Amino acid sequence: MAELKLDLPPDLLEVLESLGDPQQTIKECVVLELYRRGEISTGKAAELLGISYRQFLDLLARHKIPIFRYSPEELEEEIRAMEEKKR
């Protein structure tokens, strides 16, 4: 595993420590942000955090990050396609 050294302001480190393990908290924040930006998939994010897919979905829910990233147009097209398959 690669190692990265960070210089953090004492106030930030204090907040991170209050949340639990600072290293794990930072790792979760980075992975969640990469997922939110669309840089990694749910499966890759779960793998990077060493948790199950289901646990990652729960983590997304706790942080109010949507699982699906559809534009309104894409969502409308998906709904239309599903309705056509039902017929």
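Structure's up top.
Everything quoted here is computed from the prediction, not taken from an experiment. (Residues numbered from 1 in each chain as written. Predicted model: local features only at pLDDT ≥ 70, side-chain atom pairs only at ≥ 80, totals over all residues. Heavy atoms only, no water.)

1. Quick look at the overall build of the protein
Here's step 1: Within the protein, the secondary structure is distributed over 5 helices and 0 strands.
Here's step 2: The order of α-helices and β-strands along the protein, N terminus first, is α-α-α-α-α.
Here's step 3: Against the globule reference of 12 Å for 87 residues, the protein gives a C-alpha radius of gyration of 18 Å, more extended than a compact globule.
Here's step 4: Along the three orthogonal principal directions, the C-alpha set of the protein runs to about 60 × 25 × 20 Å.
Here's step 5: Burial status across the protein gives 17% buried among its 87 residues.
Here's step 6: Looking at the protein as shown, the accessible area adds up to about 7,300 Å², and 55% of this sits on carbon and sulfur atoms. (Helix = DSSP H or I, 4+ residues; strand = E, 2+ residues; numbered from the N terminus. Rg over C-alpha atoms; globule rule 2.2 N^0.38 Å. Buried < 20%, exposed > 50% of the residue type's maximum accessible area, 1.4 Å probe, protein only. Areas by Shrake-Rupley, 256 points an atom, 1.4 Å probe, with all protein chains shown as cover.)

2. Some words on the side chain of T25
Here's step 1: With respect to the helices and strands, T25 occurs in helix α2 (residues 22–36).
Here's step 2: Residue class for T25 comes out buried when judged on its relative accessible area of 14%.
Here's step 3: Apart from residues no more than four positions distant in its own chain, T25 is found in contact with L16 and L19. (Contact = heavy atoms within 4.5 Å.)

3. Concerning α2
Here's step 1: If you check α2, its first and last C-alpha atoms are 21 Å apart, about what 15 residues at 1.5 Å a residue would give, namely 21 Å.
Here's step 2: Here α2 has its buried residues at T25, V31, L32 and Y35. Seen end-on, α2 carries its buried residues on one side only, within an arc spanning 135°.
Here's step 3: Once α2 ends, the next one or two residues include G38, with phi positive near 85°. (Expected span 1.5 Å × (residues − 1). Arc of directions from axis to C-beta.)

4. Section: the packing of aromatic side chains
Ring pairs (aromatic) are described by centroid distance and by the angle formed between their planes.
Here's step 1: What the rule picks out here adds up to 1 aromatic pair.
Here's step 2: Considering the side-chain rings of Y35 and F56, the 5.5 Å spacing of their centres and the 80° angle between planes classify their relative orientation as edge-to-face. On the criterion of sequence distance, the pair formed by Y35 in helix α2 and F56 in helix α4 (residues 53–62) is long-range, its members being 21 residues apart. The pair formed by Y35 and F56 is uniform in burial state, with each residue classed as buried. (Phe/Tyr/Trp six-rings, centres within 6.5 Å; stacked < 30°, edge-to-face > 60°.)

5. Section: helix α3 (residues 42–49)
For an α-helix the count is 3.6 residues per turn, leaving residues at separations of three or four pointing the same way.
Here's step 1: What α3 keeps buried is the set T42, A45, A46 and L49. Along the axis of α3, the buried positions cluster into a sector of 100°, meaning they face one direction only.
Here's step 2: Among the structural elements, α2 and α4 are those in contact with the buried residues of α3.

6. Points about the environment of L59
Here's step 1: Along the chain, L59 turns up in helix α4.
Here's step 2: What makes L59 buried here is its relative accessible area of 2%.
Here's step 3: With 50 residues separating them in the primary sequence, L59 and P9 have C-alpha atoms 26 Å apart.
Here's step 4: Setting aside residues up to four positions removed in sequence, L59 forms contacts with E28, L32 and L49.

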